[in-house]
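Below, each chain spelled out in residue letters.
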Amino acid sequence: MFSQFILSLITVIFIGGAAGYLGSLMLTKRMALIGGPLGHLALPGAALALLYHFNIFWGALGTIVIGAVIIWLLEIKTKLPMEALTGLVFAAGVALSFLILPVSQAEEALIGDISKISLIDTILAVILGIIVFLIIKKIYSKMILSGISEDLAKVEGVNVKKYNLIYLASIALIVALEVKIVGGLLTVAMLVIPASASNNFGRTLSYYSFGALAIGIISAIFGLLLFKLTGFSAGPLIILSSTFIFLISLIFKKR
Amino acid sequence: MPENSILKVKNLNVELDDEKIIENLSFKVKEREIFTILGPNGAGKTTLFRALLGLISYQGEISWTSPESLKIGYLPERLSRSKFKEIPISVKEFFKFKESSDEKILRMLKLVGLENPKILEKDPGNLSSGQFQRMLIGWSLIGNPQVLFFDEPTAGIDIGGEETIYSLLHKFWEERNLTILLITHDLNIVYKYSTNVLCLNKKAICSGLPKEILTPENLEKLYGTEIKFYEHTH
């Protein structure tokens, strides 16, 4: 049987890498911050999971998907910026979760609990992490082009609506996976910080995107080692590790 | 010049936010034309382009001959350098969206006057406005399109740069089997290069050869104010 530490390590590596890579795309589309509200949307699901003793991942994913679908439909209908719509939808989620969340279990839902990672969680993290990575790799350039000009992308034959949906689904999956490690409050950090740091290091798209993936993995490993050494919560330590890498990256910033 | 029309538009109507932008517009574009759309701000020129490109919904008929094999190059209005500054991307990576061969990318950049191979690694957001516009023109031309849609390709470029860009476009037009649809405000350019002009202000105000229709009367009708245009005879 794997030790708890090895399970945790594998889990954070795959989620950290996939989140960093996905976050690099979100940053270019000025959508990085929606990872936060989506994490908050996961809270009612996580609360239900804790109450009824099922895996937090499924609870989180359930409420995120419902929220994301509402956001997607509203975007088509209203043409309002997606960030505004996300903000609109997530507030209801947060309010709802604070109504049903037992105070004794609030911490696990809010900042995650790595010691509760099971073999199933690790398998999910590995499989879904790889799937999201491959999907995002495939649509990356098309999404970037549609970020530069949606009209241009459409003329080049990119089905912008379809790709937006795939992209949002990937975000939902990754955020739901993250809830177990960093909780519903900190999901945005695993998406934004590695990409922001990588943006300071690299000036081409490939350096930037794979840099974000690498920084996501490195900070996950670093954070977990600090957790092992200090006994503080792993989630916040992972986030602080990536923040530290971001600070180092400022020295390299060329633009 | 072959007389086959490549595009037929019949009774086109476009409404955006319950406002009629284009009303009962009909025209034809022949193969190998430089077809200019002239009109004041808000006349519906860009909207017309977007309808022709299938980017917005419309009523009426837009028919291309052989739409399945039609390759289009598009240079949208207001594609700004600042958009590129937000994304860490090199010129080469921007061209890779359309063309995988480095050699072809370099050849195209040379054709549009960006000779230094170092340009490949540069950030499009850091090019000068003239270089940036040349790069965009190269991007729209790569992959041998048959039809080009250029929406004010020289907006924000000084007079000298504008002239170079248009003579460059004209050179491409002469060398390749290209049909160009062009939106511009520059009457000199229209006069010098266009083979056909459509004056648009929601409806078609006038259309025909530039020499025949660029009269003070027509321009006043189109812009609602007196326009002094001096025809240059060389």
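Quick caveat, the model's predicted, so the values are computed rather than measured. (Residues numbered from 1 in each chain as written. Chains lettered and ligands numbered in written order. Predicted model: local features only at pLDDT ≥ 70, side-chain atom pairs only at ≥ 80, totals over all residues.)

### Overview of the sheet that holds strand β1 (residues 5–16) of chain B
Residues and elements named next belong to chain B.
Part 1: Strands sit in the order β2-β1-β4 across an open sheet of 3 strands; the sheet is antiparallel. Because the sheet does not close on itself, it has two edges, and the strands there are β2 (19–30) and β4 (59–64). With direction set aside, neighbouring strand axes in the sheet form an average angle of 15°.
Part 2: As paired elements, β1 and β4 share 5 bridges and run antiparallel to each other. Following the sheet pairing, K8 is matched in β4 by S63.
Part 3: Helix α1 (residues 45–52) contacts β1, β2 and β4 of the sheet and is inclined by roughly 115° relative to β1. (Pairing = 2+ DSSP bridges. Helix = DSSP H or I, 4+ residues; strand = E, 2+ residues; numbered from the N terminus. Axes fitted to C-alpha atoms, helices over the stretch in contact; angles between N-to-C directions. Contact = placed C-beta atoms within 7 Å.)

### Brief notes about the pairing of strand β3 (residues 34–38) of chain B
Residues and elements named next belong to chain B.
Part 1: In terms of burial, β3 is largely enclosed, as 5 of its 5 residues are buried.
Part 2: Of the two faces of β3, both are covered, the one formed by I34, T36 and L38 as well as the one formed by F35 and I37.
Part 3: Note: β3 against strand β7 (residues 179–183), 4 bridges, orientation parallel. Residue pairing across strands places I34 opposite I180, the latter belonging to β7.
Part 4: With 4 bridges connecting them, β3 and strand β8 (residues 196–201) associate as parallel partners. (Buried ≥ 20, exposed ≤ 12 C-beta atoms within 10 Å, placed from the backbone.)

### A closer look at unusual backbone geometry
Residues and elements named next belong to chain B.
Part 1: Despite not being glycine, R32 shows a phi value in the positive range, around 70°.
Part 2: Residue placement: R32 occurs in the loop between β2 and β3.
Part 3: A positive phi angle, near 70°, is found at K202, a position not held by glycine.
Part 4: With 18 C-beta atoms counted inside 10 Å, the residue K202 sits in the partly exposed group.

### Examining the confidence of the model for chain A
Part 1: Across chain A, the average pLDDT comes to 89, with 98% of residues at or above 70.
Part 2: The secondary structure element of chain A with the lowest average pLDDT is helix α4 (residues 82–100) of chain A, at 80, and the one with the highest is helix α10 (residues 205–230) of chain A, at 95. (pLDDT = per-residue confidence, 0-100.)

### With respect to the interface of chain A and chain B
Part 1: Tallying the contact residues gives 18 residues for chain A and 18 residues for chain B.
Part 2: Elements with a minimum of two residues in the side of chain A that touches chain B: α6 (119–148), α7 (150–155) and α10 of chain A.
Part 3: Residue contributions to the side of chain A that touches chain B peak at 5 residues, all from α6 of chain A.
Part 4: The residue makeup of the side of chain A that touches chain B, split by class, is 7 nonpolar, 7 polar and 4 charged. (Nonpolar A, V, L, I, M, F, W, Y, C, P; charged D, E, K, R; others polar.)

### Details of the environment of K118 of chain B
Part 1: Turning to its location among the elements, K118 of chain B is positioned in the loop between α4 (102–111) and α5 (129–141).
Part 2: Distance from K118 of chain B to Y193 of chain B, taken between C-alpha atoms, is 33 Å for residues 75 residues apart in sequence.

### Thoughts on the nonpolar core
Part 1: Core analysis: the biggest nonpolar cluster contains 152 residues, and L22, A42, I64, A172 and A176 of chain A have the highest contact counts within it.
Part 2: Setting aside chain neighbours within four positions, we find A172 of chain A in contact with L38, L61, I64, V65 and A68 of chain A. (Core = buried A, V, L, I, M, F, W, Y, C linked by C-beta atoms within 7 Å.)

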